[in-house]
Each structure stands twice: as C-alpha cells, then as structure tokens.
Amino acid sequence: MTLMHEISAPDVFLSALASRDFGRFAECLAPAAHARMLLPRGPEVRSGREEIARRFEGWFSQTSDFEVLDSHRVQIGPRNRLSWRFGLSRDGVSHEVIEQVAFVNAGPDGISEIDLLCSGFHREEDAVASCAVDGAAFRGA
C-alpha cells in the first residue's frame, strides 16, 4: 500500500473523510480494523474496513452544504487523537453541526483500532462555539 508510505494513515483518514472519499477512507483502514463508537443513541461496534467505511459513508455521503469547520491530529504516545467538526445539511434545508473525536492505532496495514466519541447532529443555531481554556484552571491555580 504505497499510500501509507507517502502520508500517515491518520492523515489519510482525516483527508478522505473531509473530502468524503469513502473508497480512499476504506484504504487507510487495516483489513481487520475494529471500531468502537459511542454514539448519542448508545455504543456501536463495527469490524472490517468495508463495514467501518460504510458506517461513515452513511453519516456523511448524502449531505449537502458540507463544510469542514475544524480538523486536528495529535499524536499521544503510540495513538493518534483525531478530531473533526463538520457543518452540513441532511435535509437540504436545516443546517447542522457534528463533532467527532477518535483515538486510533495505526500500523503498517493502516488504522487497526478506532475508539470514537460522537456529539450527534445538532442544529447550527444550537451549537456552542468553541472556547479556549487556560491550563491553569485544570491545575487549580
């Protein structure tokens, strides 16, 4: 898989998701990938690159007014934290925001493990703007 040598699997994951290229998205996953997802309606488990890619495709492929509002990758030890926030419309009328955060394990065959947390789809006018938090607040300063 030459794609993994040119750019990391987590970067391909974010790029393919942002462009809604679900074929490329599936290619960045290991054949036996495993995804554990905590969704607003409860936990869900998917196995195999095709099944996982189809799940993501179901969320985002038929949306209109699709916009990447934010996207990040941070390495934390051997894992990567990926996050993304999209603005979109599922019905062609109302505008929604969704944010997801995933911790992933990547190896030579691509991403093998995904642990995902999903905000759910929320009306744009109800979405809370992000804010910076001073680290001192966490240290009790």
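The following paragraphs examine the structure supplied in this document.

Conventions we followed
Residues numbered from 1 in each chain as written. Predicted model: local features only at pLDDT ≥ 70, side-chain atom pairs only at ≥ 80, totals over all residues. Heavy atoms only, no water. Helix = DSSP H or I, 4+ residues; strand = E, 2+ residues; numbered from the N terminus. Contact = heavy atoms within 4.5 Å. Buried < 20%, exposed > 50% of the residue type's maximum accessible area, 1.4 Å probe, protein only. Core = buried A, V, L, I, M, F, W, Y, C linked by side-chain atoms within 4.5 Å. Phe/Tyr/Trp six-rings, centres within 6.5 Å; stacked < 30°, edge-to-face > 60°. Lys NZ or Arg CZ within 6 Å of the ring centre and 35° of its normal. Pairing = 2+ DSSP bridges.

### Observations concerning the overall build of the chain
Phase 1 of the analysis: Across its full length, the chain holds five helices and seven strands.
Phase 2 of the analysis: The N-to-C order of helical and strand elements in the chain reads α-α-α-β-β-α-β-β-β-β-β-α.
Phase 3 of the analysis: Excluding contacts between residues fewer than 6 apart, the proportion of contacts in the chain whose partners are at least 24 apart in sequence is 49%.

### Brief notes about the side chain of Arg 55
Phase 1 of the analysis: When you line up the elements, Arg 55 lands in helix H4 (residues 49-60).
Phase 2 of the analysis: Classification of Arg 55 by relative accessible area gives buried; the value is 12%.
Phase 3 of the analysis: With sequence-adjacent residues up to four places away left out, Arg 55 is seen in contact with Met 37, Leu 39, Arg 41, Glu 44 and Arg 46.

### Points about the nonpolar core
Phase 1 of the analysis: Core analysis: the largest hydrophobic core is formed by 32 residues, its most contacted members being Phe 13, Phe 25, Phe 56, Phe 60, Trp 84, Ile 114 and Leu 116.
Phase 2 of the analysis: At the level of secondary structure, the elements contributing two or more residues to this core comprise helix H2 (9-18), helix H3 (22-27), strand E1 (29-39), H4, strand E4 (79-89), strand E5 (96-107) and strand E6 (110-118).
Phase 3 of the analysis: Here this core takes six residues from H2, the largest share from any one element.
Phase 4 of the analysis: With sequence-adjacent residues up to four places away left out, Trp 84 is seen in contact with Phe 13, Leu 14, Leu 17, Phe 56, Phe 60, Asp 70, Ser 71, Ile 98, Glu 99, Gln 100, Ala 102 and Leu 116.

### Here we look at the packing of aromatic side chains
Each aromatic ring pair is described using two quantities: the centre-to-centre distance and the angle formed by the ring planes.
Phase 1 of the analysis: Inspection of every chain in the model, using the stated rule, returns 12 aromatic pairs.
Phase 2 of the analysis: An angle of 65° between the planes, with centres 6.4 Å apart, marks the rings of Phe 22 and Phe 25 as edge-to-face. Of this pair, Phe 22 and Phe 25 both sit in helix H3, three residues apart, roughly one helical turn. In this pair, the class of Phe 22 matches that of Phe 25, namely buried.
Phase 3 of the analysis: Note on Trp 59 and Phe 60: the rings are 6.1 Å apart at their centroids and 65° apart in plane angle, and the pair reads as edge-to-face.
Phase 4 of the analysis: Here Trp 59 falls in the buried class, since its relative accessible area comes to 10%.
Phase 5 of the analysis: Judged by its relative accessible area of 0%, Phe 60 is buried.
Phase 6 of the analysis: Aromatic ring contacts, followed pair by pair, group Phe 13, Phe 22, Phe 25, Phe 56, Trp 59, Phe 60, Phe 66, Trp 84, Phe 86 and Phe 121 into a single cluster.
Phase 7 of the analysis: The ring of Phe 121 has Arg 90 lying over it, and the distance from NZ or CZ to the ring centre is 3.9 Å.

### Let's talk about the environment of Ile 114
Phase 1 of the analysis: Secondary-structure assignment places Ile 114 in strand E6.
Phase 2 of the analysis: The spacing of Ile 114 and Val 104 is 10 residues in sequence and 4.6 Å in space, taken between C-alpha atoms.
Phase 3 of the analysis: What Ile 114 contacts, discounting residues up to four positions off in sequence, is Phe 13, Leu 29, His 34, Ala 35, Arg 36, Ile 52, Ala 102, Phe 103 and Val 104.

### Some details on the pairing of strand E2 (residues 42-47)
Regular strands place side chains that alternate from one sheet face to the opposite one.
Phase 1 of the analysis: Of the strand pairs in this sheet, E1 and E2 are connected by six bridges, and their pairing is antiparallel. Pairing of His 34 across the sheet is with Ser 47, part of E2.
Phase 2 of the analysis: Joining the antiparallel neighbours E1 and E2 is a turn of two residues.

### Considering H2
Helical geometry: 3.6 residues make up each α-helical turn, so side chains three or four residues apart lie on a common side.
Phase 1 of the analysis: Here H2 lies mainly inside the structure; seven of its 10 residues are buried.
Phase 2 of the analysis: Buried within H2 are the following residues: Ala 9, Pro 10, Val 12, Phe 13, Leu 14, Ala 16 and Leu 17.

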